[in-house]
Amino acid sequence: MLKIPIFPEYGNTKALINILTGESVPVFKAMLNSIKELTGTPQNSVDWTEPDKWIDQRLSGQDRELALKLWRQSRKQLNPRWIRGEMFLISGYKLMSEEDNIFQLTERGKIFIKGDDNKIMREIDQEEGLIQLLLQAAALNRSKRADFINEWKQYLDSNSNVREESVVKDYLRRRMVNLRSRNYLSREGNAYSITKAGLSYLENFSKQNQDNTLSTLTMISREIEKLNKEQRASLRDHLERLTPYQFERLIKDLLTAMGYEDIILTSASRDKGVDITAVSQQGITTVKEVVQVKRFIKGNVQRPVLDVLRGSLHRFHAFQGTIITLSDFAKGAKLAAYETGAAPITLINGEKLIDMLISNNLIIKKKTLEYLSIDDTYFNKENDIEVE
């Protein structure tokens, strides 16, 4: 059953354990109480983002001394105001004890702080749903966090008392941050993917826990990852065989799927560096955008292409522009895309374009695999039937 609400990164938890070992429990709790008394109200909030400033301004004596120690010895990773998650984990999994009012490492804590993969971490990962998320990531491949929600919610329904949607999402977000910090998940833009290290961790986990079901799921996840890579490569082959006009039509269809309106393919003889114009709604503002499509297969798009597009914005009364290519962009183009004082130009390369096609269900579709999973918690419940 999941029991840690504010799930932390393991690196920060290790740092807190190392700093607190040998420290006075009453002094630490007094520091936490002093900080809590200063938290303010929703109407009069307090800024805690700069410990270098607020520790000296708001704390004194032993409170100030210990807060500075936490901040500085953790290399400014542990903000003393935001360590509840680490303390929940330490307490919930008995990583430290309080002996004679002094923090001491337990045997479990000694194992936890050694290495990046140990039996205590694996225990926590399994209990707190991180293994579940890695399995989802392996099956989904390059998906937004929202794509994890439905199955994650089902998992929480069986393994926790969490039901409120905002809490479900927060549990998910914090655990994904943990997995990213350990290089088991990667993130590009809004898309999450399981890494090779993540797949290897799943495989080793199933072997060490002799879990045949998990081992099978890991094997399936690897096959899904392989299939997804093959499908992406096949899609790219199809895109490279499109004529320039067909490619422009594809981008028009993509913009339509993304909610753009008034999409117009410009005349090839009068485009002035622009292939498509479109209008989007950004909050309460309507924004006109121009798009240059460069179906390059070999060679990166250079800065002059960007300069020409930016110079054409005023002719179309456009606020911003986008360049889309199957290849990539030269360093100069990337640096110029968001020059201070210049109109913004969004750059979309081949990999990002494929991600956008996938997320908008255009050409390539996501399929869901369903499998049966026994709820072991049912058999662990005490028999509440009275026998007369």
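For the structure, see preceding data.
Only a predicted model underlies this, so the values are computations on that prediction, with no experimental measurement involved.

Draft legend 1. Spatial organisation of the overall build of the protein chain. When you go through the protein chain residue by residue, the secondary structure sums to 17 helices and nine strands. Projected onto the principal axes, the alpha-carbon positions of the protein chain cover approximately 85 × 60 × 40 Å. Taking all 388 residues of the protein chain together, 43% fall into the buried category. Considering only contacts in the protein chain between residues 6 or more positions apart, those separated by 24 or more positions represent 63%.

Draft legend 2. Layout of unusual backbone geometry. In this structure, arginine 75 takes a positive phi of about 60° despite not being glycine. Structurally, the position occupied by arginine 75 is in the loop between helix 4 (61-73) and helix 5 (84-92). Taking relative accessible area as the criterion, arginine 75 reaches 74% and is therefore assigned exposed. With a phi angle near 60°, lysine 76 is a residue other than glycine that sits in the positive phi range. For lysine 76, the location among the structural elements is in the loop between helix 4 and helix 5. Of the residues examined, lysine 76 reaches a relative accessible area of 46% and is grouped as partly exposed.

Draft legend 3. Local environment of helix 4. The terminal C-alpha atoms of helix 4 lie 18 Å apart, and with 13 residues this matches the ideal 18 Å at 1.5 Å per residue to within 8%. For helix 4, the set of buried residues is Asp63, Leu66, Ala67, Leu68, Leu70 and Trp71. On its buried face, helix 4 sits against helix 1 (10-20), helix 2 (25-36) and helix 3 (51-58). Looking one or two residues beyond helix 4, the residue adopting positive phi is arginine 75, at roughly 60°.

Draft legend 4. Quick look at the nonpolar core. With 61 residues, the main nonpolar core has Phe28, Phe112 and Trp152 as its most contacted residues. The element best represented in this core is helix 8 (residues 130-140), accounting for seven residues. Those residues in contact with phenylalanine 112 that sit more than four places away from it in its chain are Tyr10, Thr13, Lys14, Ile17, Leu89, Leu95, Asn118, Ile120, Met121 and Ile124. The next biggest cluster of nonpolar side chains, apart from the first, holds 23 residues, and it includes Ile251, Ile348, Ile354 and Ile364.

Draft legend 5. The arrangement of the side chain of aspartate 63 in detail. Position of aspartate 63 among the secondary structure elements: in helix 4. Despite its burial, aspartate 63 pairs with no opposite charge; the closest candidate is arginine 64, at 11 Å N-O. Only 2.6 Å separates the side chain of aspartate 63 from the side chain of serine 34, close enough to count as a polar contact. Not counting the four nearest positions on each side in its chain, aspartate 63 is found in contact with Val27, Ala30, Met31 and Ser34.

Draft legend 6. Looking closely at the pairing of strand 3 (residues 185-188). In this structure, strand 3 lies alongside strand 4 (residues 191-194), joined through four bridges in antiparallel fashion. When the bridges of strand 4 are listed, serine 186 appears paired with serine 193. Hairpin connection between strand 3 and strand 4: a loop of two residues separates the two successive antiparallel strands, and glycine 189 in this loop has a positive phi of roughly 65°.

Draft legend 7. How the structure looks around the packing of aromatic side chains. Inspection of the entire model under this criterion finds seven aromatic pairs. Between the aromatic rings of tyrosine 10 and phenylalanine 112, the centroid separation amounts to 5.4 Å while the plane-to-plane angle is 80°, which identifies the pairing as edge-to-face. Taken together, the residues tyrosine 10 in helix 1 and phenylalanine 112 in helix 6 (residues 107-112) connect sequence positions 102 residues apart. For the pair tyrosine 10 and phenylalanine 112, a shared accessibility class is recorded, and that class is buried. Geometrically, the ring pair formed by tryptophan 152 and tyrosine 155 is stacked, given 5.7 Å between the ring centres and 15° between the ring planes. Here tyrosine 155 and tryptophan 152 lie together in helix 9 (residues 149-159), a separation of three residues that amounts to about one turn. Each member of the pair, tryptophan 152 as well as tyrosine 155, carries the same accessibility label: buried. Through successive ring pairs, a cluster of aromatic residues spans Phe7, Tyr10 and Phe112. The side chain of arginine 81 reaches across the aromatic face of tryptophan 48, ending 5.5 Å from its centre.

Draft legend 8. Molecular detail of the sheet that holds strand 5 (residues 261-265). Spatially, the five strands line up as an open sheet ordered 5-6-7-8-9, and their pairing is mixed. Sheet topology places strand 5 and strand 9 (345-348) at the edges, where each strand pairs with a single neighbour. Averaged over all pairs of adjacent strands, the angle between their axes in this sheet comes to 25°, without regard to strand direction. Here strand 8 (residues 320-325) runs beside strand 9; their pairing, made up of four bridges, is parallel.

Draft legend 9. Structural detail: the pattern of salt bridges. Within the structure shown, the criterion is met by 24 salt bridges. Of the charged contacts, one joins aspartate 170 and arginine 174 as a salt bridge, the two residues approaching to 2.8 Å between their closest N and O atoms. Separated by four residues within a single helix, aspartate 170 and arginine 174 lie in helix 10 (residues 165-181), roughly one turn from each other. On the basis of relative accessible area, aspartate 170 is assigned to the partly exposed category, the value being 24%. Take arginine 174: its relative accessible area is 23%, and that puts it in the partly exposed class. In this structure, arginine 310 engages glutamate 339 in a salt bridge whose closest nitrogen and oxygen atoms are separated by 3.9 Å. Here glutamate 339 lies in the loop between helix 15 (331-336) and strand 9 and arginine 310 lies in helix 14 (residues 303-312), a separation of 29 residues in the sequence.

Criteria and thresholds
- Residues numbered from 1 in each chain as written.
- Predicted model: local features only at pLDDT ≥ 70, side-chain atom pairs only at ≥ 80, totals over all residues.
- Heavy atoms only, no water.
- Helix = DSSP H or I, 4+ residues; strand = E, 2+ residues; numbered from the N terminus.
- Buried < 20%, exposed > 50% of the residue type's maximum accessible area, 1.4 Å probe, protein only.
- Contact = heavy atoms within 4.5 Å.
- Expected span 1.5 Å × (residues − 1).
- Core = buried A, V, L, I, M, F, W, Y, C linked by side-chain atoms within 4.5 Å.
- Lys, Arg positive; Asp, Glu negative; His and termini not counted.
- Salt bridge = Lys/Arg side-chain N within 4 Å of Asp/Glu carboxyl O.
- Polar contact = N/O pair within 3.5 Å; in protein donor to acceptor, adjacent residues only side chain to side chain.
- Pairing = 2+ DSSP bridges.
- Phe/Tyr/Trp six-rings, centres within 6.5 Å; stacked < 30°, edge-to-face > 60°.
- Lys NZ or Arg CZ within 6 Å of the ring centre and 35° of its normal.
- Axes fitted to C-alpha atoms, helices over the stretch in contact; angles between N-to-C directions.

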